[in-house]
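Topology and contacts: notes
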Amino acid sequence: MTTTKTARELAETYFTAWEAGDFETVRSLLADDVDFVGALGTASGVEEALAGLKGLGQVLEKIDVKVRVAEGDDVITWFELRTGIAPPAPTANWMHVEDGRITRIRVTFDPRGLLAGFGR
């Protein structure tokens, strides 16, 4: 018997795994053709998406979730992205789930602090 996680549960697992650097778990949550668009770039497919998450993961200290709202196959997570190179960045992340996997991710935040931090 298999249990399919809800979109909310997938989002919770995604953020917990990303914060822990558990990219094997993150990969298992993403559809092969996941489509990512964010303030720092875009990614098509699971390998590109993982590369981006791993890159930001090098400076990631904490994902401080403030609220998560789920409706059907869509989840929005509002959080502070805390890194060692920039002030906390208030961030909105929207995910869409199909067939038990995350298929689309859209992320928005003010990237100026991170860009300055990467430039140091």
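Shown above is the structure to which this text applies.
Residues numbered from 1 in each chain as written. Predicted model: local features only at pLDDT ≥ 70, side-chain atom pairs only at ≥ 80, totals over all residues. Heavy atoms only, no water.

1. Digging into the packing of aromatic side chains
This model, assessed by the stated rule, comprises three aromatic pairs. Ring centres of Y14 and F15 lie 5.0 Å apart, and the angle between their planes is 85°; this geometry places the pair in the edge-to-face category. Y14 gets classed as buried once you look at its relative accessible area, which sits at 1%. Of the residues examined, F15 reaches a relative accessible area of 3% and is grouped as buried. Each member of the aromatic cluster is reached from another via a ring pair, and the members are Y14, F15, W18 and F79. (Phe/Tyr/Trp six-rings, centres within 6.5 Å; stacked < 30°, edge-to-face > 60°. Buried < 20%, exposed > 50% of the residue type's maximum accessible area, 1.4 Å probe, protein only.)

2. Remarks on the pairing of strand β3 (residues 60–71)
Judged from the ten bridges that link them, β3 and strand β4 (residues 74–83) form a sheet pairing that is antiparallel. In the sheet register, L60 faces β4, and the bridge partner there is T83. Between the antiparallel neighbours β3 and β4 lie two residues, among them G72 with a positive phi of about 60°. (Pairing = 2+ DSSP bridges. Helix = DSSP H or I, 4+ residues; strand = E, 2+ residues; numbered from the N terminus.)

3. Focus on the nonpolar core
Membership of the largest hydrophobic core comes to 34 residues, with the highest contact counts inside it found for Y14, W18, V26, L30, L81, I102 and I105. Among the elements of the structure, α1 (7–20), α2 (23–29), β1 (30–38), α3 (46–57), β3, β4, β5 (89–98) and β6 (101–108) are those that each provide at least two residues to this core. Per element, the largest residue contribution to this core is seven residues, and it comes from α1. Leaving out residues up to four positions away in the same chain, L81 has contacts with W18, L56, L60, K62, P87, P88, A89, T91 and L114. (Core = buried A, V, L, I, M, F, W, Y, C linked by side-chain atoms within 4.5 Å. Contact = heavy atoms within 4.5 Å.)

4. Concerning α1
The terminal C-alpha atoms of α1 lie 20 Å apart, and with 14 residues this matches the ideal 20 Å at 1.5 Å per residue to within 8%. For α1, every residue scored as buried is listed here: A7, L10, A11, T13, Y14, F15, A17 and W18. Positive phi appears at G21, one or two residues downstream of α1, with a value of about 75°. (Expected span 1.5 Å × (residues − 1).)

5. Some points on the environment of A86
Within the element layout of this structure, A86 appears in the loop between β4 and β5. We classify A86 as buried; its relative accessible area is 14%. For the pair A86 and L115, spaced 29 residues apart in the sequence, the C-alpha separation amounts to 8.5 Å. Non-local contacts of A86, meaning those with residues more than four positions away in its chain, are made with G113 and L114.

6. What to know about the pattern of salt bridges
Under the criterion given, the structure shown has nine salt bridges. The partner of E12 in a salt bridge is R68, with the nearest N and O atoms 4.0 Å apart. In this pair, E12 sits in helix α1 while R68 sits in strand β3, placing the two residues 56 residues apart along the sequence. Among the residues examined, E12 registers a relative accessible area of 31% and is labelled partly exposed. On the accessibility criterion, R68 (13% relative accessible area) is buried. One salt bridge connects R104 with E98, and the closest N-O pair in it is separated by 3.8 Å. (Salt bridge = Lys/Arg side-chain N within 4 Å of Asp/Glu carboxyl O.)

Any functional reading would require information beyond the geometric quantities listed.
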